Amino acid sequence: MRSESDRSRVEPFHVMDVWKAATERGRTHGDVLSLAAGQPSTPAPAPVLRATKAALDSELLGYTETFGIEPLRAAIAAHHHATTGIAVDAEDVVVTTGSSGAFTLIFLAAFDQGDTVVVARPGYPAYRNTLTALGCNVVELDCGPETRFQPTVAMLDALPTPPAGLIVASPANPTGTIIDPEELAALARWCDEHGTLLISDEIYHGIVFGEQATACAWETSREAVVIGSVSKYFSMTGWRLGWMLVPPGLRRALQRLASNMTVCPPAISQYAAIAAFTDEAKAELDSHVRRYALNREVLLDGLPEIGMGDLAPADGAFYAYANIGQLTDDSTEWCRRVLAETGVALAPGIDFDTVNGVRTVRFSFAGATADIEEALDRLRKF
Ligand SMILES: Cc1ncc(COP(=O)(O)O)c(C=O)c1O
């Protein structure tokens, strides 16, 4: 029997183990409060659900163009124009199977085996693990509170040679921190000057608290790749639809790869998602963001009271990332105990930080406010 490939020996997404244990606990105890899932607790907005039903009746729902149907690409382009003021064409947009699908495609299109790609630590683990499976050399920048857990130009200047790629995420997972617009512009300029492809993960745009502005990398450089998704702000994780804004020089390569690898993103999701960019959907989605803001306040007030006040500044997304080094140096075991004794599911930091994640934990506050309050109560007793 053929054994598994070397390239497949990457870390799994460990939080999935927490989900499994939480589902099991739900079956046996019926008391689970999940602050582990990085997804909204709401369905797709009403206009999307109506458009889905209409598409089932009126569309063939066969394969579509590889880069996605024109009306959706145009709606995404218009969305970028509305949020940034810059001109974006439907031609610039490549629709993908979740932003996860976008990452695999752009990594394959732009990087060769052995190329160095730089990411932030802590950060979203799939960048590191997918790049590793594809044979790239991943260099993690140690990003701490002094830079809001984000990479800086000074860190890039300190590298021995310019890398083939840099991935940034703002707002970020797991910290929720935002890269200051001037710093993002400076990073984009640095990448242009050094022949480095900047991949800017902007899938949490729209979920921002307070005054901090989120910039789009394309406001500085159209040589960058901008990643978007309907998963987070748009409350449509399971619809598996994302997109990228792509410089012309990479489009043909993406076309070759995407047509072979997936043919096209899911047709029903594409027809439905057009309605996600309407004013009616925006009103509904903004009401979710107001709830996240309330949940964030409850959590940021409550966590210090129970000795978990060493938090990353939660500027956006729906996460609070806590250093719990005074409680444990085995966050996985600690989260397992918390789930077993309280029914509260949390994400241990090991997915996001291979060095310090044994002392960190991520709280997702995308759920109901009452659940966050109840979870804090149980954690207080624990
Ligand atoms: C920073 C970041 N990027 C990308 C993704 C992948 O999202 P999707 O494939 O649902 O668009 C996630 C999911 O949690 C994420 O947190």
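Close contacts around the ligand come from 14 residues, with Ser100, Asp201, Tyr204, Ser229 and Ser231 the closest. Between an oxygen atom of the ligand and a side-chain N or O atom of serine 229, the distance comes to 2.7 Å. In isolation the ligand exposes 400 Å². Once the protein is present, 93% of that is buried. With 4 residues, the single largest contributor to the shell around the ligand is helix H4 (residues 98–110). The residue makeup of the shell around the ligand, split by class, is 5 nonpolar, 6 polar and 3 charged.

This part is about the packing of helix H2 (residues 46–58) against helix H10 (residues 279–305). One way to put it is that H2 packs onto H10 with a least axis distance of 7 Å and a crossing angle of 130 degrees. Judged on the interaxial angle alone, H10 and H2 are oblique. In this structure, H2 uses Ala46, Pro47 and Arg50 to contact H10, whose residues at the interface are Glu280, Ala281 and Glu284. The residue inventory of the contact of H2 with H10, partitioned by class, reads 3 nonpolar, no polar and 3 charged.

Here the focus is the environment of glutamine 212. For glutamine 212, the location among the structural elements is in the loop between strand S6 (197–201) and strand S7 (225–229). Taking the C-alpha atoms as reference points, glutamine 212 and isoleucine 179, separated by 33 residues in sequence, lie 9.0 Å from one another. Setting aside its immediate chain neighbours within four residues, glutamine 212 contacts Arg148, Ile178, Asp180 and Asp315.

What follows is about the sheet that holds strand S12 (residues 360–364). Strands sit in the order S9-S12-S11 across an open sheet of 3 strands; the sheet is antiparallel. Looking at which strands have only one partner, the edges of the open sheet turn out to be strand S9 (319–323) and strand S11 (347–348). Examined bridge by bridge, S11 and S12 share 2 bridges and lie antiparallel to one another. Of the residues in S12, the one forming a bridge with proline 348 is valine 361.

Note on terminology: disulfide describes a covalent bond linking the sulfur atoms of two cysteines. The final tally for this structure, using the stated rule, is 0 disulfides. No disulfide involves cysteine 136; its sulfur sits 15 Å from the nearest other cysteine sulfur, which is in cysteine 191.

The subject of this paragraph is the packing of aromatic side chains. In the structure shown here, the tally under the stated rule is 16 aromatic pairs. Consider the rings of phenylalanine 13 and tyrosine 124, whose centres lie 5.9 Å apart with planes at 75 degrees: the pair is edge-to-face. Linking phenylalanine 13 in the segment before helix H1 (15–29) with tyrosine 124 in the loop between strand S3 (116–121) and helix H5 (125–133), this pair joins segments that are 111 residues apart in sequence. On the basis of an interplanar angle of 45 degrees and a centroid distance of 5.8 Å, the ring pair of phenylalanine 103 and phenylalanine 107 is categorised as tilted. One end of the pair is phenylalanine 103 and the other is phenylalanine 107, both in helix H4 and 4 residues apart, which spans about a single turn. In terms of burial, phenylalanine 103 and phenylalanine 107 fall into one category: buried. An aromatic cluster is present here, built from Phe13, Phe103, Phe107, Phe111, Tyr124 and Tyr127 joined pairwise through their rings.

Counting buried positions along S9 yields 4 of 5 residues, so the element is predominantly enclosed. With 5 bridges connecting them, S9 and S12 associate as antiparallel partners. Across the sheet, the residue bridging to asparagine 323 is threonine 360, located in S12.

Parameters at a glance
Residues numbered from 1 in each chain as written. Predicted model: local features only at pLDDT ≥ 70, side-chain atom pairs only at ≥ 80, totals over all residues. Heavy atoms only, no water. Near = heavy atom within 4 Å. Polar contact = N/O pair within 3.5 Å; in protein donor to acceptor, adjacent residues only side chain to side chain. Areas by Shrake-Rupley, 256 points an atom, 1.4 Å probe, with all protein chains shown as cover. Helix = DSSP H or I, 4+ residues; strand = E, 2+ residues; numbered from the N terminus. Nonpolar A, V, L, I, M, F, W, Y, C, P; charged D, E, K, R; others polar. Axes fitted to C-alpha atoms, helices over the stretch in contact; angles between N-to-C directions. Parallel < 35°, antiparallel > 145°, perpendicular 65-115°, else oblique. Contact = heavy atoms within 4.5 Å. Pairing = 2+ DSSP bridges. Disulfide = S-S within 2.5 Å. Phe/Tyr/Trp six-rings, centres within 6.5 Å; stacked < 30°, edge-to-face > 60°. Buried < 20%, exposed > 50% of the residue type's maximum accessible area, 1.4 Å probe, protein only.

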